Amino acid sequence: MSSIKPLIAGNWKMNKTRDDAVSFVEQLAQSASDLANSTQVLIFPAFVHLDACLSALDAGHIGIGAQNCSHEPDGAFTGEISIAMLKDLGISHVLIGHSERRHVMGETLDLIKEKTHAALQAGLHTVLCIGETIEQREAGDTDAVNDAQLTTALDGLPTDLMANLTVAYEPVWAIGTGKTATPDDAQQAHAFIRERLAELSDDATAQNTRILYGGSVKPGNAPELFGMPDVDGGLVGGASLELESFMGIIRAGAKTDALPS
Ligand code: PGA
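Quick look at the structure, then. All values reported here derive from a predicted model rather than from experimental measurement.

The next point concerns the nonpolar core. In terms of nonpolar packing, the biggest core is built from 64 residues, with Leu28, Ile43, Leu128, Leu197, Tyr213, Phe226 and Phe246 touching the most fellow members. Contact partners of phenylalanine 246, with chain neighbours within four places excluded, come to Ile8, Ala9, Gly10, Phe24, Leu28, Val41, Leu42, Ile43, Val236, Ala239 and Ser240. The next biggest cluster of nonpolar side chains, apart from the first, holds 10 residues, and it includes Leu7, Leu42, Phe44 and Leu95.

Right, dumping it as structure tokens:
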């Protein structure tokens, strides 16, 4: 973990009813209150629960973000949600380019670029997800894939807008599979991403940009992963659905300063 305050984000995907979502964030706000100084916590609920989760938290220390957004400002785009609609609710964060959006919903590099630019230009904190498939890793293309996904999304973006960017490195083969990248594999990919960020902006911006690891993060593997010098927190799917396991990961993030890096 670098000197940046760690960020632990829960991606709930298409899970939880409204009541479950609201009671979870209420309990989370209580359980994590004494860790607010040492770690930042975010939840990405389904769109339909954003308003209820925000109201339940009442400007507390837990952030609420959307799992996706449209790159178009408004108009005839049935089923889409605009950035202005999210901002109108008071949403501060958005997830862009999650592997399920890329590989299940077919979002292209260019579409993800448009979304990333639109979200950052509108002042939303943007968590851009990148990562290779198992075939790409086995072919030795991990760095090339991460480079292409990062470079395309950030192409032409003014450096000052990168202040609101977080990158989540999520190897596709580790998402929801129980297989996690080793801490060394994660560190290698994160160091490469930080190097590329410096080339795309400048050293200071790259050092201040959080790079999260995602893919089967659990309370048991989080301390070692978060102990790596370029891992600034985690994007957590399955283990963020239960309070106990998510709190275990948040505690691991808060304690990372004590671990050797
Ligand atoms: P997982 O999901 O923790 O269940 O592997 C991570 C993600 O999809 O962001």
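Another aspect to go through is the sheet that holds strand S7 (residues 210-214). Taken in spatial order, the 8 strands line up as S1-S2-S3-S4-S5-S6-S7-S8 and close into a barrel, and their pairing is parallel. The mean angle between the axes of side-by-side strands here comes to 25°, regardless of whether they run parallel or antiparallel. Examined bridge by bridge, strand S1 (residues 7-11) and strand S2 (residues 40-44) share 5 bridges and lie parallel to one another. Within the sheet, the bridge partner assigned to asparagine 11 lies in S2 and is phenylalanine 44. The strands that helix H8 (residues 183-200) touches are strand S5 (125-130), strand S6 (165-169) and S7; relative to S7, the one it contacts most, it runs at about 150°.

Next up on the list: the site of the ligand. Taken together, 13 residues lie around the ligand, and Lys13, His98, Glu170, Gly176 and Ser216 are the ones closest in. Within the backbone of glycine 237, an N or O atom sits 2.8 Å from an oxygen atom of the ligand. One nitrogen or oxygen atom from the main chain of glycine 238 is found 2.8 Å from an oxygen atom belonging to the ligand. In isolation the ligand offers 280 Å² of accessible surface; the protein chains occlude 97% of this area. Taken together, the residues that form the shell around the ligand break down as 4 nonpolar, 7 polar and 2 charged.

A few words on the pattern of salt bridges. Applying the stated criterion across every chain yields a total of 10 salt bridges. For arginine 137, the salt bridge identified is with glutamate 132, shortest N-O distance 2.8 Å. Given a relative accessible area of 24%, arginine 137 falls into the partly exposed group. Judged by its relative accessible area of 0%, glutamate 132 is buried. One salt bridge in this structure joins arginine 194 and aspartate 230, with 2.6 Å as the shortest N-O distance. Separated by 36 residues along the polypeptide, arginine 194 in helix H8 and aspartate 230 in the loop between helix H10 (222-226) and strand S8 (233-236) bring together distant segments of the chain.

Okay, the pairing of S2 next. A large share of S2 lies buried, amounting to 4 of its 5 residues. Note on the crossover from S1 through helix H1 (residues 18-31) to S2: the handedness is right-handed. Pairing analysis gives 3 bridges linking S2 to strand S3 (residues 62-66), with the strands arranged parallel. Looking across to S3, one finds that leucine 42 is bridged to glycine 63.

Below, the discussion takes up H1. The α-helix winds at 3.6 residues per turn, so residues separated by three or four positions along the chain end up facing the same way. Helix length check: H1, at 14 residues, gives a terminal C-alpha distance of 20 Å against a target of 20 Å (1.5 Å per residue), a fit within 8%. The set of residues buried in H1 consists of Ala21, Val22, Phe24, Val25, Leu28 and Ala29. The arc that holds the buried residues of H1, viewed along the axis, is 160°, so those residues lie on one side. More than 90 degrees from the buried face of H1, the exposed residues found are Asp19 and Gln30. Tucked into the core, H1 has its buried residues touching S2, helix H2 (50-57), S3 and helix H11 (243-255).

Rules of the game
Residues numbered from 1 in each chain as written. Predicted model: local features only at pLDDT ≥ 70, side-chain atom pairs only at ≥ 80, totals over all residues. Heavy atoms only, no water. Core = buried A, V, L, I, M, F, W, Y, C linked by side-chain atoms within 4.5 Å. Buried < 20%, exposed > 50% of the residue type's maximum accessible area, 1.4 Å probe, protein only. Contact = heavy atoms within 4.5 Å. Pairing = 2+ DSSP bridges. Helix = DSSP H or I, 4+ residues; strand = E, 2+ residues; numbered from the N terminus. Axes fitted to C-alpha atoms, helices over the stretch in contact; angles between N-to-C directions. Near = heavy atom within 4 Å. Polar contact = N/O pair within 3.5 Å; in protein donor to acceptor, adjacent residues only side chain to side chain. Areas by Shrake-Rupley, 256 points an atom, 1.4 Å probe, with all protein chains shown as cover. Nonpolar A, V, L, I, M, F, W, Y, C, P; charged D, E, K, R; others polar. Salt bridge = Lys/Arg side-chain N within 4 Å of Asp/Glu carboxyl O. Right-handed = clockwise from strand over helix to strand, strands pointing away. Expected span 1.5 Å × (residues − 1). Arc of directions from axis to C-beta.

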